[in-house]
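Observations on chain architecture
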Amino acid sequence: MQDKLSPIDRRILRLLQHDADLSAAEVAEKVELSQSPCWRRINRMQEEGLIERKVALLNHKRLGFGITVFVDIKLSAHGRGNLDEFERAVVGYPQVLECYSMAGGSDYLLKVVAKDIADYERFLRDHLLQRPHVHEAHSHIAMSEVKRTTELPLD
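Residues numbered from 1 in each chain as written. Predicted model: local features only at pLDDT ≥ 70, side-chain atom pairs only at ≥ 80, totals over all residues. Heavy atoms only, no water.

1. Some thoughts on the overall build of the protein chain
Secondary structure summary: the protein chain contains five helices and four strands in total. Listing the helices and strands of the protein chain from first to last along the sequence gives α-α-α-β-α-β-β-α-β. Here the C-alpha radius of gyration of the protein chain, 20 Å, is well above what a compact globule of 155 residues would show, namely 15 Å. When the backbone C-alpha atoms are referred to their principal axes, the protein chain occupies close to 55 × 35 × 25 Å. Across the 155 residues that make up the protein chain, the buried fraction comes to 28%. Considering only contacts within the protein chain whose residues lie at least 6 apart along the sequence, 64% involve residues at least 24 apart. Looking at the protein chain, you have 22 positive and 24 negative side-chain charges, and the mean spots of the two groups are 2 Å apart. (Helix = DSSP H or I, 4+ residues; strand = E, 2+ residues; numbered from the N terminus. Rg over C-alpha atoms; globule rule 2.2 N^0.38 Å. Buried < 20%, exposed > 50% of the residue type's maximum accessible area, 1.4 Å probe, protein only. Contact = heavy atoms within 4.5 Å. Lys, Arg positive; Asp, Glu negative; His and termini not counted. Charge placed at Lys NZ, Arg CZ, Asp CG, Glu CD.)

This is the structure in structure tokens:
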């Protein structure tokens, strides 16, 4: 799909993924288009699913979430029902920001936020390790954030 994007569409997407608060008029001005055609392009890209949604990125540290933990999960059994059960449970945990099904040494990789180590340990013991087919959980605590972005390389 990226190959089918026009240079103007790419510029629009770059602008919006940097600042979704821009109005269609502001985007149009920056890409040197009139407002109506720019709005139609944005609308089309939303309908095609290129733009999934617009969100506010919150500062997790200022909101009291002092640590980020990446958790490798291994399940003891890999039947479809076990995978589905684990995935349904994970979707319900607000502490889990991202969850990926993995190839290789672990079955899942989770990105978890917590207020502090004690808060994370409670989450790990009371929730993750209580899942019936979780065999192992290996925690990797992020020391510092070097780069965090949601912007895709559209060049």
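2. Side note on the side chain of Asp 9
Inspection of the secondary structure puts Asp 9 in helix 1 (residues 7-18). With a relative accessible area of 4%, Asp 9 lands in the buried category. The residues touching Asp 9, leaving out its near neighbours within four places in the chain, are Arg 41, Arg 44 and Met 45.

3. Focus: the UniProt feature "domain: HTH asnC-type" (unreviewed entry) in the protein chain
UniProt tags residues 5-66 as "domain: HTH asnC-type" (unreviewed entry). As annotated, residues 5-66 comprises 53% helix and 0% strand, and the C-alpha atoms at either end are separated by 39 Å. (UniProt positions renumbered as here; feature names shortened; annotations may be inferred.)

4. Focus on the packing of helix 1 against helix 2 (residues 24-31)
In contact at an axis separation of 10 Å, helix 1 and helix 2 are set at 130° when each is read in the N-to-C sense. Relative to helix 2, the element helix 1 is oriented oblique. At the point where helix 1 passes helix 2, the crossing takes the right-handed sense. Judged by residue contacts, Ile 8, Arg 11, Ile 12, Leu 15 and Leu 16 of helix 1 engage Val 27, Lys 30 and Val 31 from helix 2. A per-class count over the contact of helix 1 with helix 2 returns six nonpolar, no polar and two charged. (Axes fitted to C-alpha atoms, helices over the stretch in contact; angles between N-to-C directions. Parallel < 35°, antiparallel > 145°, perpendicular 65-115°, else oblique. Left-handed = near helix turned anticlockwise from the far one by under 90°. Nonpolar A, V, L, I, M, F, W, Y, C, P; charged D, E, K, R; others polar.)

5. Topic: the sheet that holds strand 2 (residues 96-101)
Read from one edge to the other, the open sheet built from four strands follows the order 2-3-1-4, with strand pairing classed as antiparallel. Edge positions in the sheet fall to strand 2 and strand 4 (134-141), since each of these pairs with one other strand and no more. On average, adjacent strands in this sheet sit at an angle of 20° to one another, irrespective of strand direction. Two elements, strand 1 (residues 67-75) and strand 4, share seven bridges in a ladder whose sense is antiparallel. Bridging across to strand 4, Val 69 finds its partner in Ile 141. (Pairing = 2+ DSSP bridges.)

6. Section: the domain arrangement of the protein chain
Splitting the protein chain by domain gives domain 1 (7-48) and domain 2 (60-142). Taken over C-alpha atoms, the centre of domain 1 sits 37 Å from the centre of domain 2. (Domains from an automatic or database assignment.)

7. Examining the nonpolar core
Residues Val 71, Ile 73, Leu 110, Tyr 120 and Leu 128 are the most contacted members of the largest nonpolar core, which totals 20 residues. When contributions to this core are tallied by element, the ones reaching two or more residues are strand 1, helix 4 (80-91), strand 3 (108-114) and helix 5 (117-126). Counting residues in each nonpolar core, the second largest holds 13 residues, with Ile 12, Leu 16, Leu 22 and Val 27 among its members. (Core = buried A, V, L, I, M, F, W, Y, C linked by side-chain atoms within 4.5 Å.)

8. What about the layout of surface pockets?
In this structure, the largest pocket encloses a volume near 1800 Å³. Val 55, Leu 57, Thr 149, Thr 150 and Glu 151 are, among the 47 residues lining the largest pocket, the residues nearest its centre. For the lining of the largest pocket, the element with the most residues is helix 1, which contributes four residues. Tallied by class, residues from the lining of the largest pocket come to 23 nonpolar, twelve polar and twelve charged. A domain-level breakdown of the lining of the largest pocket finds at least three residues from each of domain 1 (7-48) and domain 2 (60-142). (1 Å grid on protein atoms, 1.4 Å probe; cavity = no way out; pocket = protein on both sides within 12 Å on 5 of 7 lines; lining within 4 Å. Points joined across faces, edges and corners; volume = space filled by probe spheres on them.)

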